[in-house]
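The lines below spell out each chain.
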Amino acid sequence: WQRRKMIELSHKLGVTNHMTLPFVGHAYIFFGSDEDRMTKFQKLGREAIASEHGVTTIWQGHRLYLVVSDAKVAEFLLKTCLEKDDAVDCLKFVTGNGSIFAPVSLWRPRRKVLAPTFSPKNLQQFAEIFSRQSAIMVEQLRTAAGKGAFSIWQYITTYTMDSVCESTLGVLVNSQKQSEQPFLQAFDKCTQLDADRLCKPWFHPQAIYEMTPAYKLHLKCRNYICKFVDQIIKTKKQALAEEKVSMAESEQNIKHDGLKTFLELLIDSSGGDRGYSDVELREETLVLVLAGTDTSAVGTAFASILLSRYPDVQEKVYQELLEVFGDSKRPVVAEDLPRLKYLDAVIRETLRLYPPVPIIARKIDKEVTLPSGITLVENCGVVINIWALHRNHHYWGDDAEQFRPERFIDTPLKHHAAFMPFSHGPRACIGYQYAMMSMKTALSSLLRQYVILPPSDVEDLKPFRVKFDIMMRDVDNFTLQLVKRV
Ligand code: HEM
């Protein structure tokens, strides 16, 4: 009966132009390389834009999924349907019941505890970490500058890893200088294995996954990460119990200089001694490390390669930096960031054209009726196609495909959900301002010292080739050249 209703719904909304195969439906279209997968999402997104309701549908086996490229429909669904789709269950392997993938019943109280830790006052104190860590990144880049094309990815992702670990756990993992760092290696491996599993639905059932060699490696890395974080939590709790003010000399290499880390803020916000258990603290801090590292790195890396292709935009950012910093070498401080308005627009325009999280998924857990009057059937899946929504000409005009940061300065948004790199509604990204601060600090530190050039002299303004695992990345691994400013 439910399937009959889904079939009727698919007729009302329209089905993708891809051929439907017996049993699998359209699942086959996502096979192939990571780049092929992203190309399919782009194609589906465009089909949705061209359709009457800004939505198309696909069959994944017996389940119907809506692919949404319209801001109004996306806004409605992201406010109404808070349950994540079953497909993301396999991503809970490391973070367990951590808020990001948790069912609504667990997510609601956890979001309540997490929200106050992201207050503007708490975020201000992290500016010093971004500033210090981005100075290390700029210094590390000296060896690559002036030597031709190279990938900037490793430099940026280790910057975000070091900043997030320091602000979350208070620990200096120092991955920018020490690529062999075991926590970083275990974390990277887990992210890779998560992405691989997500893209292979036949490995989603736990019992099947447990029979694979990937599972053994995943388990080993997860255990390492958990042990590492558990030790930090134990030390922190002991220190709090003993009312130690300074942890500077601790064997754990934990910094404590008046700054409150997310771990400490979570202990307070959940109720101190009677608050979160060690497991809950581990899950929530790991969510922050997982959600905060590669996302901001991808955003910063796409901004860097876009600036390399648009020298006039880069020059405008540099002029703004001169206005704020003059020719001084002083570090970036929190008060500088709101003054960098053009850089802010550049980052937003980057996140519009190259959203690090190009799709998000929800489940229809009870019948809902869209503002258009169409009723959605329980158990359907929803894919919000952020990539396509951000290029939808109904909201962004005829130059939607062009990189034009000024659009975020001259014109208000046509709809407040037309721009949603951080999602929308109650389950939207809680780290949005933290991420903007981190990306602004990294890019301003980079541009004060270097001119960014494309990998070769050939001027090429074609869109970047992109691929999808859990995030969207550049196929050419963010290749550019740097030249030291004189
Ligand atoms: C450019 C950087 C970032 C992007 C593009 C981004 C994007 C997103 C998106 C799209 C979601 C929602 C997923 C959904 O609706 O299913 C999300 C959730 C989340 N993000 Fe971010 N994020 C970024 C940075 C960060 C940072 C730096 C942190 C923390 C330090 C963070 C923490 C979280 C958390 C905890 C959630 C789960 C929220 C919840 O379910 O209540 N994110 N992020």
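Refer to the structure above for everything that follows.
This section reports on the structure supplied with the text.

**Some thoughts on the packing of aromatic side chains**
No. 1: Applying the stated rule across the entire model yields 26 aromatic pairs.
No. 2: Ring centres of F130 and Y434 lie 4.9 Å apart, and the angle between their planes is 85 degrees; on these two criteria the pair is classed as edge-to-face. Note that F130 is positioned in helix α7 (residues 127-140) and Y434 in helix α19 (residues 432-449), a separation of 304 residues in sequence. Of the two residues, F130 and Y434, both sit in the buried class.
No. 3: An aromatic cluster is defined as three or more aromatic residues linked by ring pairs; in this entry it consists of F31, F93, W202, F203, Y209 and Y215.
No. 4: A cation sits over an aromatic face here: R3 above W59, 4.9 Å from the ring centre.
No. 5: Of note, R391 hangs over the ring of Y354, and the distance from its end group to the ring centre comes to 5.6 Å.

**Some words on the site of the ligand**
No. 1: Near the ligand, the surroundings consist of 27 residues, among which K84, W107, R111, R362 and C429 are the closest.
No. 2: At 2.8 Å from an oxygen atom of the ligand is found a side-chain nitrogen or oxygen belonging to K84.
No. 3: For the ligand, a nitrogen atom lies 3.5 Å from a polar atom in the backbone of A291.
No. 4: For the shell around the ligand, the elements supplying multiple residues, two or more each, are α5 (104-114), α13 (278-309), β4 (359-363) and α19.
No. 5: Among the residues forming the shell around the ligand, the class breakdown is 17 nonpolar, six polar and four charged.

**Digging into the sheet that holds strand β11 (residues 479-484)**
No. 1: Within the open sheet, the three strands sit side by side as β3-β11-β8. Their pairing is antiparallel. Both edges of this open sheet fall to β3 (150-151) and β8 (450-453), since each of them pairs with a single strand only.
No. 2: By the bridge criterion, two bridges tie β3 to β11 in an arrangement that is antiparallel. Looking at β11, one finds that F150 is bridged to L480.

**Remarks on empty space enclosed by the protein**
No. 1: Considering all chains together, one arrives at two cavities of 30 Å³ or more under this definition.
No. 2: Forming the walls of the largest cavity are T157, T158, M161, L184, F187, D188, T191, L290, T293 and D294.
No. 3: Counting only elements with at least two residues in the lining of the largest cavity, the list comes to α8 (153-169), α9 (182-198) and α13.
No. 4: No other element matches the four residues that α9 contributes to the lining of the largest cavity.
No. 5: Per-class residue counts for the lining of the largest cavity are four nonpolar, four polar and two charged.

**Let's talk about the side chain of T261**
No. 1: Locating T261 in the fold gives a position in the loop between α11 (213-241) and α12 (262-270).
No. 2: The class for T261 is buried, based on a relative accessible area of 4%.
No. 3: In contact with T261, not counting residues within four places along its chain, are E166, S167, T168, L169 and G170.

**A look at the state of the cysteines**
No. 1: Summed over the entire model, instances satisfying the criterion amount to zero disulfides.
No. 2: C190 provides the cysteine sulfur closest to C221, a residue in no disulfide bond, and the two sulfurs are 4.8 Å apart.

**Description of a nonpolar patch on the surface**
No. 1: A surface patch of nonpolar side chains, about 440 Å² in accessible area, is lined by M19, L21, F23 and V24.
No. 2: Turning to its location among the elements, L21 is positioned in the loop between α1 (2-13) and α2 (34-50).

**A word on the pattern of salt bridges**
No. 1: Enumeration over the complete set of coordinates arrives at 32 salt bridges.
No. 2: The salt bridge involving E75 is made with K79; its shortest N-O contact spans 3.2 Å. Of this pair, E75 and K79 both sit in helix α3 (residues 71-80), four residues apart, which is roughly one turn of the helix.
No. 3: Across the salt bridge formed by R132 and E166, the nearest N and O atoms sit 2.8 Å from each other. Here R132 is found in helix α7, whereas its partner E166 is found in helix α8, with 34 residues between them in sequence.
No. 4: Exposure remark for R132: the relative accessible area of 27% places this residue in the partly exposed category.
No. 5: Taking the relative accessible area as the measure of exposure, E166 reaches 3% and is therefore buried.

Parameters and conventions
Residues numbered from 1 in each chain as written. Predicted model: local features only at pLDDT ≥ 70, side-chain atom pairs only at ≥ 80, totals over all residues. Heavy atoms only, no water. Phe/Tyr/Trp six-rings, centres within 6.5 Å; stacked < 30°, edge-to-face > 60°. Helix = DSSP H or I, 4+ residues; strand = E, 2+ residues; numbered from the N terminus. Buried < 20%, exposed > 50% of the residue type's maximum accessible area, 1.4 Å probe, protein only. Lys NZ or Arg CZ within 6 Å of the ring centre and 35° of its normal. Near = heavy atom within 4 Å. Polar contact = N/O pair within 3.5 Å; in protein donor to acceptor, adjacent residues only side chain to side chain. Nonpolar A, V, L, I, M, F, W, Y, C, P; charged D, E, K, R; others polar. Pairing = 2+ DSSP bridges. 1 Å grid on protein atoms, 1.4 Å probe; cavity = no way out; pocket = protein on both sides within 12 Å on 5 of 7 lines; lining within 4 Å. Points joined across faces, edges and corners; volume = space filled by probe spheres on them. Contact = heavy atoms within 4.5 Å. Disulfide = S-S within 2.5 Å. Patch = residues over 30% accessible without salt bridge, like charges linked within 9 Å, V, L, I, M, F, W, Y side chains within 5 Å. Areas by Shrake-Rupley, 256 points an atom, 1.4 Å probe, with all protein chains shown as cover. Salt bridge = Lys/Arg side-chain N within 4 Å of Asp/Glu carboxyl O.

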